[in-house]
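Fold and geometry: a report
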Amino acid sequence: MAITMAFQPIVDITTGSVFAYEALVRGTDGQSAGEVLSSVDSDMIYKFDQACRVKAIELAGRLFVHDGDAKLSINFMPNAVYEPDACIRASLAAARRVGFDPGRLMFEFTEDERMLDVAHVRHIIEAYRARGFTTAIDDFGAGYAGLGLLADLHPDMLKLDMALIRGIDGSASRRTIVAGVLQIAQALGVECIAEGIETTEELQTLKEVGVRLCQGYLLGRPAVDALPEVVLGV
C-alpha cells in the first residue's frame, strides 16, 4: 500500500507557537493509520518503519519553514529498529536530500505489547540522543508506557495519553495524576506533552495545572500532505 503523511501540530500554549508537527501515516487513497498498519506483515515491519520516517522527512523538507525551529515528530516501533545506526543513517540521508535540519527530528516510541528488550530500546535512545535527536515516550499512562519505562529509559519527553486528558476538567483524580507526573518529569528534566485535547475546558485545566505543550483536535486536526492551521483555544 502506498503511504503518505498527515501532520498534526504540538502547540506551546504559552506562546501560541508550534513546537512540533507529528507525522501520522495515511494511505494515499485515504486509508487511516489503522488500515495501513493492519496491512503490514510482521516480517515487513522494519522496512515499513524506514519507509515512514523517510516519507515524513521528505514531506517536511517541502512543507516546513526551512529556517524555523518546529520539530518533526516521527513515530517508530522500537522492536522494529534492529540496529539504530542504520536507521540514523537513513534519517540523515533523507534530511540531506531535502535540506531538513536533522536537529529538528523527534522520535516517539510506543509499544502495544511489553518491550522484551529494554536494554535494546535504551541503546536506541542513547544513539538518537548522541545525534541530537529528541526522544519521547508516546501514550504515557496507558498500557505498558508507565513509570517503570520512564525510569528505565529516561527520554527527553513524555506524551500524556488521552485517557488521562479526557474530561480532566471534571476529574480531580486526573488533575492530581497529571500534576504528579509533571512534578516527577520536571525533577528528571523531562518535558511533558498532553495529547488528545478536544475541549476548551480540558485545555484551560491543563494550562492551570502547568502543562505547556499540547496536542489535539481542538488545536489542529491532522492535514494530509499539508501543515494545518493552529487554533489556540485558550
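Focus on the pattern of salt bridges
Going through the model one piece at a time under the given rule, you end up with ten salt bridges. Lys159 is paired through a salt bridge with Glu108; the nearest N and O atoms lie 3.0 Å apart. One end of the pair, Lys159, is in strand S6 (residues 157-160); the other, Glu108, is in strand S4 (residues 105-109), and 51 residues separate them in sequence. Linked by salt bridges that have partners in common, Glu22, Glu108, Lys159 and Glu195 make up one network.

Structural notes on the nonpolar core
Leu72, Leu158 and Val178 are the most contacted members of the largest nonpolar core, which has 61 residues in total. Here the element with the most residues in this core is helix H2 (residues 45-63); it accounts for seven residues. Discounting chain neighbours no more than four positions away, the residues touching Leu158 are Ile137, Phe140, Leu150, Val181, Ala185, Val190, Glu191, Cys192 and Ile193. With eight residues, the next largest nonpolar core counts Phe19, Ala20, Ile193 and Leu213 among its residues.

Notes on the pairing of strand S7 (residues 191-194)
Looking at chain direction, S6 and S7 are connected through four bridges and run parallel. By the bridge assignment for S7, Leu160 is matched with Ala194. Where S7 lies against strand S8 (residues 213-214), two bridges are found, and the strand directions are parallel. For Ile193, the partnering residue across the bridge sits in S8 and is Leu213. With respect to chirality, the unit in which S7 leads through helix H8 (residues 200-209) into the neighbouring parallel S8 is right-handed.

Conventions used here
Residues numbered from 1 in each chain as written. Predicted model: local features only at pLDDT ≥ 70, side-chain atom pairs only at ≥ 80, totals over all residues. Heavy atoms only, no water. Salt bridge = Lys/Arg side-chain N within 4 Å of Asp/Glu carboxyl O. Helix = DSSP H or I, 4+ residues; strand = E, 2+ residues; numbered from the N terminus. Core = buried A, V, L, I, M, F, W, Y, C linked by side-chain atoms within 4.5 Å. Buried < 20%, exposed > 50% of the residue type's maximum accessible area, 1.4 Å probe, protein only. Contact = heavy atoms within 4.5 Å. Pairing = 2+ DSSP bridges. Right-handed = clockwise from strand over helix to strand, strands pointing away.

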